[in-house]
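If you want the building blocks of each chain, they are given just below.
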Amino acid sequence: MSSVTRRDFVAQTTGAAAATALPGRARAAVPMQDAEAYAKQLCMLALDAAQGAGADYADARVVMTRRQVVRTRDDRVERVTDAEDQGFAVRVLVDGAWGFIGSPTVLRREAFRLARLAVEQARITAASQRSRVRLAPAPATPDGEWQSPVTIDPFSVGIEDKADLLLRSNSAALRAGGQFVESGIECARMETTFASTDGTLLHQVQYRTYPTMTITAVASDGSRFARRSSAEVAPMGLGYEHVQQADLPGRAASWADEAVAQLSAPSVAAGTYDLILHPSNLFLVIHETLGHSTELDRAMGFEAGYAGTSFLAPPSAMLNRFRFGPEFMNVQGDRTQHGGLATVGWDDEGIPADSWPIVRDGVFVDYQTTREQAGWISEYTGIDRSHGCAHASSWRYPPFQRMPNVSLLPGEEEHSLDDIVSATDRGLLIVGRGSYSIDQQRYNFQFGGQACYEIRNGQRVGQVRDVAFQGRTPEFWNALDMLGGTKTYELGGTLYDGKGQPGQLNAVSHGCPVARFKGINVLNTGA
Amino acid sequence: MANVLTEQQAQALSERALRLINADGAQVRVVSRDAGHLRVGANQITTGGTHADVTVELTARLGSREATVQVNQSTQDELARAAARAVDAARLAPENPELMPFPTPEPAPAVQAEFASTANLDADSRVRTATAIIERAEAVDMVGAAFFTHDVTSTAVANTAGLFRYHRASRAALSTTMRTADGRGSGWAGSTHNDADRLESVAALADRAIGKAVGSQNAQPIAPGRYTVVLERAAVAPLIQRWAAALDARAAAEGRSAMARPDGGSAIGETLAADGLTVVSDPTDAEVLGRPFTDDGVPLHRTVWLRNGILEHLSATRYWAAQHGMDPLPYDGDLIVTGTEQSLESLVATVERGLLVTRLWYIREVDRRTLTVTGLTRDGTFLIENGRIVRGVANLRFNQSIVALLRQVRAVGPSERTLATGSGDAGPAIVVPPLVVSDFQFTSASDAV
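Note that the coordinates shown come from a computational prediction; the quantities given were computed from them, not determined experimentally.

Caption draft 1: Structural detail: the overall build of chain B. Assigned secondary structure in chain B consists of 10 helices and 21 strands. Its C-alpha atoms give chain B a radius of gyration of 24 Å, near enough to 22 Å, the size a compact globule of 449 residues would have. On the principal axes, the C-alpha backbone points of chain B span a range of 70 × 60 × 35 Å. For chain B, with 449 residues in total, the buried portion stands at 57%. In chain B, the proportion of contacts linking residues at least 24 apart, taken out of those at least 6 apart, comes to 75%.

Caption draft 2: The confidence of the model for chain B, seen in detail. Of all residues in chain B, 100% have pLDDT values of 70 or greater, and the mean over the chain is 96. With a pTM of 0.94, the predicted complex shows an ipTM of 0.93.

Caption draft 3: Expanded view of the nonpolar core. Formed by 293 residues in total, the largest nonpolar core has its most connected members in Ala-46, Ala-50, Val-90, Val-92 and Ala-118 of chain A together with Ala-86 and Ile-240 of chain B. With residues up to four places along the chain from it excluded, the contact list for Ala-118 of chain A reads Ala-50, Val-90, Arg-91, Val-92, Gly-99, Phe-100 and Ile-101 of chain A.

Caption draft 4: Seen up close, the sheet that holds strand S14 (residues 405-408) of chain A. Residues and elements named next belong to chain A. Spatially, S11-S10-S9-S14 is the arrangement adopted by the 4 strands of the open sheet, whose pairing is antiparallel. This sheet does not close on itself; its edge strands, each paired only once, are strand S11 (363-364) and S14. Two elements, strand S9 (residues 331-334) and strand S10 (residues 355-360), share 4 bridges in a ladder whose sense is antiparallel. Looking at S10, one finds that Gln-332 is bridged to Pro-357.

Caption draft 5: Spotlight on the confidence of the model for chain A. Residues with a pLDDT of 70 or more make up 94% of chain A, whose mean pLDDT is 92. Low pLDDT (under 50) marks residues 1-31 of chain A, which in the prediction has 52 contacts with non-local residues, meaning those over four places away or in another chain.

Caption draft 6: Spatial organisation of unusual backbone geometry. Cis peptide bonds are those with omega within 30 degrees of zero, and the linkage from Ala-313 of chain A to Pro-314 of chain A qualifies with -5 degrees. Mapped onto the elements, Pro-314 of chain A comes out in the loop between helix H8 (296-299) and helix H9 (315-318). For the bond running from Gln-501 of chain A to Pro-502 of chain A, omega is 0 degrees, close enough to zero to count as cis. Mapped onto the elements of the fold, Pro-502 of chain A is located in the loop between strand S20 (490-499) and strand S21 (504-512). The phi dihedral of Asn-43 of chain B falls on the positive side, at around 60 degrees, and the residue is not glycine. Mapped onto the elements of the fold, Asn-43 of chain B is located in the loop between strand S1 (25-41) and strand S2 (44-62). For Asn-43 of chain B, a count of 18 C-beta atoms within 10 Å gives the class partly exposed.

Caption draft 7: Inspection of the packing of helix H3 (residues 108-126) of chain A against helix H4 (residues 123-139) of chain B at higher detail. At their nearest, the axes of H3 of chain A and H4 of chain B sit 10 Å apart, and the two run at 25 degrees to each other. On the basis of the axis angle, H3 of chain A is roughly parallel to H4 of chain B. The hand of the H3 of chain A/H4 of chain B crossing is right-handed. Counting all contacts with H3 of chain A, which are made through Gln-121, Ile-124 and Thr-125 of chain A, the residues of H4 of chain B involved are Ala-123, Asp-124 and Val-127 of chain B. Taken together, the residues that form the contact of H3 of chain A with H4 of chain B break down as 3 nonpolar, 2 polar and 1 charged.

Cut-offs used in this document
- Residues numbered from 1 in each chain as written.
- Chains lettered and ligands numbered in written order.
- Predicted model: local features only at pLDDT ≥ 70, side-chain atom pairs only at ≥ 80, totals over all residues.
- Helix = DSSP H or I, 4+ residues; strand = E, 2+ residues; numbered from the N terminus.
- Rg over C-alpha atoms; globule rule 2.2 N^0.38 Å.
- Buried ≥ 20, exposed ≤ 12 C-beta atoms within 10 Å, placed from the backbone.
- Contact = placed C-beta atoms within 7 Å.
- pLDDT = per-residue confidence, 0-100.
- Core = buried A, V, L, I, M, F, W, Y, C linked by C-beta atoms within 7 Å.
- Pairing = 2+ DSSP bridges.
- Axes fitted to C-alpha atoms, helices over the stretch in contact; angles between N-to-C directions.
- Parallel < 35°, antiparallel > 145°, perpendicular 65-115°, else oblique.
- Left-handed = near helix turned anticlockwise from the far one by under 90°.
- Nonpolar A, V, L, I, M, F, W, Y, C, P; charged D, E, K, R; others polar.

The following block contains the structure:
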């Protein structure tokens, strides 16, 4: 990857273009104070223009993203892509109705045009608006600055180094008996400058890195194939150090061994088992059952057209009343967690990153909220501020309520995975995310895994295949009977959580320890 | 009118970008889009907006090394920087022995897919549509959600082998979910077409969803198990899309798909579906109006994948085809399943006891070998007895092989363009009929409404 030199940067920013256009792409390579100052200036211009046009509230975002993907297959590089995207968005409230417009043109004149159009749009909507939007108070952040905790900027590492790491991983997997291997490294950088008429002006940079591989083993007669992914390696809000620590080259052979072993593993006997879920599997169960059901927009019916509603409704009947699980179950919403994908300095409404209980001692106590939503439930929670869950996946779309990192806290006792296995007579240990599906109110779910081990009399006796477990969220969490300690706690995550219309993606992490659930229904998916 | 690049503008931009890429070979794709949307939730307009954007994708090739850089800025400076980055990245990328020469110009079908009815939609028309749905919902004490989205997109591709192609299309999609005020009934209806005038009327769409919600109110649970089902088009479409995604010659030859057979064989020539089922891709079909070329400019012609139940073709990339003495056969996502004249009502009338399924939700692969998927019914599931719909039933989770399902098709209804996405976005064009399928496997009950 080439980097823009300081001379290039100066040439770009001092020429005619500098007077009008946001300069520079390879922002990691040069000091970017000028570009940031320019973006801040545009945001402030847009706010002034919006207020001048009659907006009661306005915010503006300049967003620049860069996403690089290196993908390989077996002994070859399949694709190298590097995408940049930048744009400018203005959102306004007029008479309690939203107006929003985004543009890829990050120019002074565009600040005025966008502000005017957003106000026009809000006025059209206000004419048929049934109830007015009211925003919860927000603390002013006049000069905010934040960046993901990155040791090695992933864009400072060359494509050849990334490809080399992947090809070495593939080679190790092929040597260990895998017939086909696909692998990749995805790196992203999102830079946001945000300002609001509530006195906030901030700049933050998020990074994400995600190394992955999937190994396929095929039976010698072609009658069967099995796949194993690097599911224990999560995408993280960290730098290239995460790719190095994930050690795909060192772990590829063991994943390939498991793929080969799956070919001859016995098919699971359907029935009831005690399930021990590794964090690499449990994170997705948390995401689907807990993360989505505690989104306030879903509970209020605003997502009925796509993502669905929630069984945790209405809030008045559920908050502080609904028992989600046993007394030792504690779940936290969190935008501050180190390395979390939803970890930020501020959300896309300028609200400082928050951390708050969602389930306390087994009881549901709070939802995920934005400024518009906080007042809907404040009489039950006693909290009149937003938890900072507004997010937009690009400048093209308005922010709305998205999931923060939602994590299950470890148990007070320091149980290890082995302790829990030893305490289990008839069970299954499931590692890694597999197939996953849940209904639109987050009751009925079905999950698979990457590798599944049968446990008899406290011992792991080998892999079984064709495993999926089904359950109903309230009963499932109330079947939680053992939690691992802090040493088993890991972050899992997904880069591609979809919600909203038009569909927007959100990246989110979920921390959890190993956990055991009693008497869960297991299907044989090959039957 | 839509603010997208014309053919002349797109060609000028592509050629300008091509000239900037200092490599052995290069390709440029330019996608220009002007889009608008409005969303309703809980009988209120919630979010809406517009954006117009031009994305330029520059691919540089040095021998068998290749890299692609994408930007959404088209000034000379930005393109020059992107071109230089693509060349730098290609220089550092390892060799890819599977790279094929860039496609050369050859005739491609022309498809007129842009309609003024869609291109002229604006904030006023979006609000009018949303307001009409809200008023319809309020009149019968329903809680309505809706999504109206439309865009005009032009796509151009050019390469150093002399190829230039341009296509321009409009799309519109409107969907609504109606829930009874007590939250115990839910119904959905959706419609999509390139031509906004061909969308189902707001009144008809809203009434269809309201009818489903009323009919499914107070639905009673039914025991999971195998049922004959009448799958409405919105339920059929995502299953057919998943089946078609498995039609890949390479995956079959490598033994890792439902189309694989022992010793590197494939299912071509086998009877995979009930007689009478034919699956085709054809961008020129008046109900599809797809882009008539692939991302790299290879023409897309009419292809019969399945004819009267027998598999005729698997798709093949140019590399795989060259390696195996085959003709390349691209698949680009548009699908037609041929239908009959038999109405949905007459299909229901053929079922002694079974379920009518409006649409499916959260479909995920469970077993790639058998194309077994899981998911749930949603927004209107009804018990059929003696050829008549008798009551709503609670939603169910299914675990069903799509390969098996196609063999279990008992009757086929009339085909229509169908909104197949869960999100309400237009998605790839798909034209499907409702199907009657025996022994559809439901594995558990869901409390979700």
